[in-house]
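# Per-entry structural report
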Amino acid sequence: GHSLKEKGDAAISVAVSFATAGTLWSTMGTSDFAVVCMVPWLVMAFWLYMVTYLQHHSEDGKVYTDDTFTFERGAFETVDRDYGTWVNRMSHHMMDGHVMHHLFFTKVPHYRLEEATAALRKGMEERGQTHLYKRIDTPDYTQELVKQYYENWFYIDEAQVVREWKN
C-alpha cells in the first residue's frame, strides 16, 4: 500500500485541481471554461491515452506470467508505432522510439530517442535479433485504436500466454 504521506499528497493534489477548475469555471463562465480549458484537456487526455494504449498492444503481443516475465521481455513487447513524420517530430519521437524508452529510460533522454532507436535497430539487425523488435506503421491511429479495442480489449488468446520460457 501507499504511505499516509503519499495518500495525503494525492488528496491535496486532487483538491487543488478541483479548486482551480472551480475557480476558473466560476470566473470564466461555462462556455469559456469549456472552450479554453475542457476541450484542450480532453484532446490531450485522448492523445495520451491512445498513444499509451497502442504502444502496449499489438496482435502478436505476449502475456507473461510472474514466472516468465523479465524487464527485457516486457520492454520488447512494447511497440514502436510510426504515426508519420510530422506527428513523430511533434511528439519528440516518443511513439516511434518507445522500445528504446522502455529499455534505457534512465539513460536516453527523449530528444535522443530517434538516434538511439536507429542504433538499436542496426545493432539488432547485425546480431540477427530483429524478430524481437516491433515497429508498426500507424498513420490511421484512431482506426487502429478502435481495432485494438475490438480485437484485444478483454480478450487474451491463450496461445499468447508465455507460461514456460524456452531458450
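Just above, that's the structure.
All figures in this text were calculated on a predicted structure; none of them were measured in a lab.

Bringing unusual backbone geometry into the picture now. In the Ramachandran plot, H92 falls in the positive-phi region, its phi being about 60° despite a non-glycine side chain. Following the sequence through the fold, H92 ends up in the loop between α4 (85–90) and α5 (98–103). Despite not being glycine, H93 shows a phi value in the positive range, around 60°. Here H93 lies in the loop between α4 and α5.

This model, assessed by the stated rule, comprises nine aromatic pairs. Ring geometry for F71 versus F105: centroids 6.1 Å apart, planes at 50°, classification tilted. Residue F71 is located in helix α3 (residues 71–75), and its partner F105 is located in the loop between α5 and α6 (113–126); the two are separated by 34 residues in the primary sequence. The partly exposed category is assigned to F71, whose relative accessible area is 41%. For R89, the ring lying beneath its charged end belongs to W86, and the centroid distance is 5.0 Å.

In this structure the tally under the stated criterion is ten salt bridges. One salt bridge connects D82 with R135, and the closest N-O pair in it is separated by 3.3 Å. On the criterion of sequence distance, the pair formed by D82 in strand β2 (residues 80–82) and R135 in strand β3 (residues 135–137) is long-range, its members being 53 residues apart. Here D82 falls in the buried class, since its relative accessible area comes to 18%. Residue R135 is classed as partly exposed on the basis of its relative accessible area, which comes to 29%. Here K147 makes a salt bridge to E144, at a shortest N to O gap of 3.9 Å. Of the two residues, K147 and E144 both sit in helix α7 (residues 141–152), three residues apart, roughly one turn of that helix. Because the salt bridges share partners, they merge into one network encompassing E59, R81, E144 and K147.

Cut-off values and rules
- Residues numbered from 1 in each chain as written.
- Predicted model: local features only at pLDDT ≥ 70, side-chain atom pairs only at ≥ 80, totals over all residues.
- Heavy atoms only, no water.
- Helix = DSSP H or I, 4+ residues; strand = E, 2+ residues; numbered from the N terminus.
- Phe/Tyr/Trp six-rings, centres within 6.5 Å; stacked < 30°, edge-to-face > 60°.
- Buried < 20%, exposed > 50% of the residue type's maximum accessible area, 1.4 Å probe, protein only.
- Lys NZ or Arg CZ within 6 Å of the ring centre and 35° of its normal.
- Salt bridge = Lys/Arg side-chain N within 4 Å of Asp/Glu carboxyl O.

As far as function goes, none of this settles anything; it's purely spatial.
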